[in-house]
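Below are the chains, spelled out letter by letter.
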Amino acid sequence: MDIISQLQEQVNTIASLAFNTFGTLQRDAPPVRLSPNYPEPPANSSESATDIAEQPKLMSAALVKAAKQFDALVAALPVSEGGEEAQLKRIVELQAENDAGGQELQKQLEAAEEELKQVQELFNQAADNCLNLKKLD
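How each quantity is defined
Within each chain, residues carry numbers counting from 1 in the order of the written sequence. Where totals are concerned, whole chains, interfaces and linings use all residues; where local detail is concerned, this predicted model gives features only for residues with pLDDT of at least 70, and gives and counts side-chain atom pairs only at 80 or more. Excluding hydrogens and water, the side-chain values take into account all heavy atoms of the structure. To qualify as a helix, a DSSP run of H or I must reach at least 4 residues; to qualify as a strand, a run of E must reach at least 2; elements of each kind are numbered from the N terminus. The size measure is the radius of gyration over C-alpha atoms, and the globule rule it meets is 2.2 Å times the number of residues to the 0.38 power. Each residue gets one of three labels from its accessible area relative to the maximum for its type: buried under 20%, exposed over 50%, partly exposed in between, using a 1.4 Å probe on protein chains only. By definition in these notes, contact holds between two residues if any of their heavy atoms fall within 4.5 Å. Computed with the Shrake-Rupley method and a 1.4 Å probe, the accessible areas treat only the protein chains shown as cover for residues. Under this rule, positive means Lys or Arg and negative means Asp or Glu; His and the chain ends count for nothing. Taken as the charge centre is NZ of Lys, CZ of Arg, CG of Asp or CD of Glu, depending on the residue. Multiplying one less than the number of residues by 1.5 Å gives the expected span of a helix. Counted as a polar contact is a pair of N or O atoms within 3.5 Å, where, for protein atoms, one must be capable of donating a hydrogen and the other of accepting one, and residues adjacent in sequence contribute only when both atoms are in side chains. UniProt positions are given in the numbering used here, feature names are shortened, and annotations may be inferred rather than shown by experiment.

1. Details of the overall build of the protein chain
Next up, step 1: Helix and strand counts for the protein chain stand at three helices and zero strands.
Next up, step 2: Listed by position from the N terminus, the elements making up the protein chain come as α-α-α.
Next up, step 3: A compact globule built from 137 residues would reach a C-alpha radius of gyration of about 14 Å, whereas the protein chain, at 34 Å, exceeds it by more than 25%.
Next up, step 4: Dimensions of the protein chain, computed from the C-alpha atoms along their principal axes, are close to 105 × 55 × 30 Å.
Next up, step 5: Expressed as a percentage of its 137 residues, the buried residues of the protein chain come to 8%.
Next up, step 6: Across the protein chain, every contact between residues at least 6 apart in sequence was considered, and the portion connecting residues at least 24 apart equals 77%.
Next up, step 7: For the protein chain, the exposed surface amounts to about 11,700 Å²; the carbon and sulfur share of it is 59%.
Next up, step 8: Once the 11 positive and 22 negative side-chain charges of the protein chain are each reduced to a mean point, those two points are 5 Å apart.

So, in structure tokens, the structure goes:
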């Protein structure tokens, strides 16, 4: 797998971990009293409270690990040589090459369309000749 695909996969992993972490935090958050006018929320059992306290730590560690892997992949990207000016020059060269290739393809397409018209015309003439021969019989 190329480096860009690996980066995209890592971004997807980070997004998934973040989504699951936030969802778990919302789901497992203990109830809180919003106002003195509301009754006191029920207390959670101590057994589930310790499990709930550990889960965010584990999920945070997984998120940090994924972020570090992403950083390592970014560091592995090839360094561009020559700076921004060289990159812009290379982009202009590639665009010119692309335009030349596009013009060549357009010429070939026009030639193929012309040839198709000729073949269709010959086919129509042959079909007309066949029909005219059948009429004579």
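After that view of the structure, there is still more to cover.
2. Some thoughts on helix 1 (residues 3-28)
Next up, step 1: Under the 1.5 Å per step criterion, the end-to-end length of helix 1 is 37 Å for 26 residues, consistent within 8% with the ideal 38 Å.
Next up, step 2: Turning to helix 1, its buried residues are Leu7, Gln10, Ala18, Thr21, Thr24 and Asp28.

3. A short note on the environment of Val64
Next up, step 1: By secondary structure assignment, the location of Val64 is in helix 2 (residues 46-75).
Next up, step 2: For Val64, a relative accessible area of 44% puts it in the partly exposed group.
Next up, step 3: C-alpha of Val64 to C-alpha of Ile14: the two residues are 50 residues apart in sequence and 8.9 Å apart in space.

4. Points about the side chain of Gln10
Next up, step 1: Assignment of secondary structure puts Gln10 in helix 1.
Next up, step 2: The exposure class of Gln10 is buried, given its relative accessible area of 9%.
Next up, step 3: Among the polar contacts listed, one links the side chain of Gln10 to the side chain of Gln69, at a separation of 3.1 Å.
Next up, step 4: Excluding its chain neighbours within four sequence positions, the residues that come into contact with Gln10 are Ala66, Gln69, Phe70 and Leu73.

5. Considering the UniProt feature "coiled-coil region" (unreviewed entry) in the protein chain
Next up, step 1: Per the UniProt entry, the sites bearing "coiled-coil region" (unreviewed entry) are residues 102-129 in this numbering.
Next up, step 2: Between the C-alpha atoms that bound residues 102-129 there is a distance of 40 Å. The span itself is 100% helix and 0% strand.

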